[in-house]
Amino acid sequence: MGKKWWLILFGLTVLNSAPALSVAGAALAGCVVTVIMYLRVSRLEKAVADLKELRDEVAESNLRLKQHNEAITRAQDSDIHIATLKERNRIAREIHDNVGHLLTRALLQAGALGMINKDETLNEPIKSLRTTLDTAMTGIRQSVHDLHDESIDLRRAVDDAISSVDGRFTVRLDYDISESTSGNVKLCILGIIKESLSNAAKHSSGDRIYVSVQEHPAFYQLAVEDNGSCSAIADTGIGLQNMRERAETLGGSISFTPSEKGFRVFLSIPKQRR
């Protein structure tokens, strides 16, 4: 009512403009006009408020729809990526099982032919054939190896591992490593990250984890740290032994450092020994 004080003024104007009316009649007419105007303005304000609310709801619905569409697009991209990796693995297996097997047989047959051959004029062609088949086998093995290595998407796998960590932790990732890194190194790094995150979720009293995956000219480096206090560790634990064995298999080194500021796993794998 306070916001519509001008309606009262309008009523008073009606009152002053009607000298022929009695004072009571003029007052009554002014009140009626004021009430009618008040009701109409109130309905108009409500209609405006309803329109604003509808506008906000439409904007919110559009935003939700946009986010939903983006989520669908990401899911489709992920499905395509996973399907591509599966297809690469299938091709690698077929090459290994079929072409590789046939080349192995051809190599054995060429070797046997060379052993029983009595015609010296065929010695050089048979030797050349064996060399060609051996080169082909080496190429096939390398192709299968490369296909398998490419099928391991380390960044995606690390992100998946981090996303599954206990919700009480905030995880920060620094990632700078080539996807052309060999598969055994990728699997080693991923395995140690998963084991470290699992240990933090089970034993750490902290709420933050830092993961760093870095590639340097001569070596790969991994660090996983949490901010939970830890004065000592049982170095004979199965999880730590598994991580140590993974590192040693690739000629790498790994250390576990407890402190009052947290627990740190540090891995280094030399490139020249992988």
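Rules used throughout
Residues numbered from 1 in each chain as written. Predicted model: local features only at pLDDT ≥ 70, side-chain atom pairs only at ≥ 80, totals over all residues. Heavy atoms only, no water. Buried < 20%, exposed > 50% of the residue type's maximum accessible area, 1.4 Å probe, protein only. Helix = DSSP H or I, 4+ residues; strand = E, 2+ residues; numbered from the N terminus. Arc of directions from axis to C-beta. Contact = heavy atoms within 4.5 Å. pLDDT = per-residue confidence, 0-100. Pairing = 2+ DSSP bridges. Right-handed = clockwise from strand over helix to strand, strands pointing away. Polar contact = N/O pair within 3.5 Å; in protein donor to acceptor, adjacent residues only side chain to side chain. Axes fitted to C-alpha atoms, helices over the stretch in contact; angles between N-to-C directions. Parallel < 35°, antiparallel > 145°, perpendicular 65-115°, else oblique. Left-handed = near helix turned anticlockwise from the far one by under 90°. Nonpolar A, V, L, I, M, F, W, Y, C, P; charged D, E, K, R; others polar.

Colleague: I would appreciate a short explanation of helix α4 (residues 154-163) in the present structure.
Modeller: Since the α-helix advances by 3.6 residues per turn, residues separated by three or four positions end up pointing in the same direction. Restricting attention to buried positions, one finds in α4 the residues Leu154, Ala157, Val158, Ala161 and Ile162. Take α4 and look down its axis: the buried residues cluster within an arc of 135 degrees, on one side only. Tucked into the core, α4 has its buried residues touching β1 (170-176) and α5 (183-203).

Colleague: How do you make sense of the confidence of the model for the chain when you look at a structure like this?
Modeller: Parts of the model with low pLDDT should not have their predicted coordinates read in detail. In this model, the chain carries an average pLDDT of 78, and 73% of its residues clear a pLDDT of 70 or more. When mean pLDDT is compared element by element in the chain, strand β2 (residues 208-215) scores highest at 95, while helix α1 (residues 5-16) scores lowest at 53.

Colleague: It is not clear to me how the pairing of β2 should be interpreted in this structure. Could you clarify?
Modeller: The two faces of the sheet receive side chains in turn, since in a regular strand these alternate between them. When β1 meets β2, the two strands line up parallel, connected through seven bridges. Among the inter-strand pairings, Thr170 is bridged to a residue of β2, identified as Arg208. Handedness of the β1-α5-β2 crossover: left-handed. Here β2 runs beside strand β3 (residues 219-226); their pairing, made up of seven bridges, is antiparallel.

Colleague: I keep staring at the side chain of Thr181 and nothing clicks. Help me out?
Modeller: Here Thr181 is to be found in the loop between β1 and α5. Taking relative accessible area as the criterion, Thr181 reaches 2% and is therefore assigned buried. In this structure the side chain of Thr181 is engaged in a polar contact, spanning 2.6 Å, whose partner is the backbone oxygen of Ser178.

Colleague: I'm lost on the packing of α5 against helix α6 (residues 238-249) in this one. Help?
Modeller: A pair of packed helices is characterised by two quantities: the angle between their axes and the separation of those axes. Closest axis-to-axis distance for the α5/α6 pair is 10 Å, and the angle between their directions is 165 degrees. Between α5 and α6, the angle falls in the class roughly antiparallel. Crossing angle aside, the handedness with which α5 passes α6 is left-handed. For the pair α5 and α6, the contacting residues are Leu187, Cys188, Gly191, Ile192, Glu195, Ser196 and Asn199 in the first and Gly239, Leu240, Met243, Arg246 and Ala247 in the second. Of the residues in the contact of α5 with α6, the class split is six nonpolar, four polar and two charged.

Colleague: When you look at the sheet that holds β3 in this model, what are you seeing that I'm missing?
Modeller: Paired through their backbone hydrogen bonds, the strands of a sheet run either parallel or antiparallel. Strands sit in the order β1-β2-β3-β5-β4 across an open sheet of five strands; the sheet is mixed. Looking at strand neighbours, the two that pair on one side only are β1 and β4 (253-259), the edges of this open sheet. When the angles between neighbouring strand axes are averaged without regard to direction, this sheet yields 5 degrees. Seen against the sheet, α6 touches β4 and β5 (262-270) and runs at an angle of roughly 145 degrees to β4.

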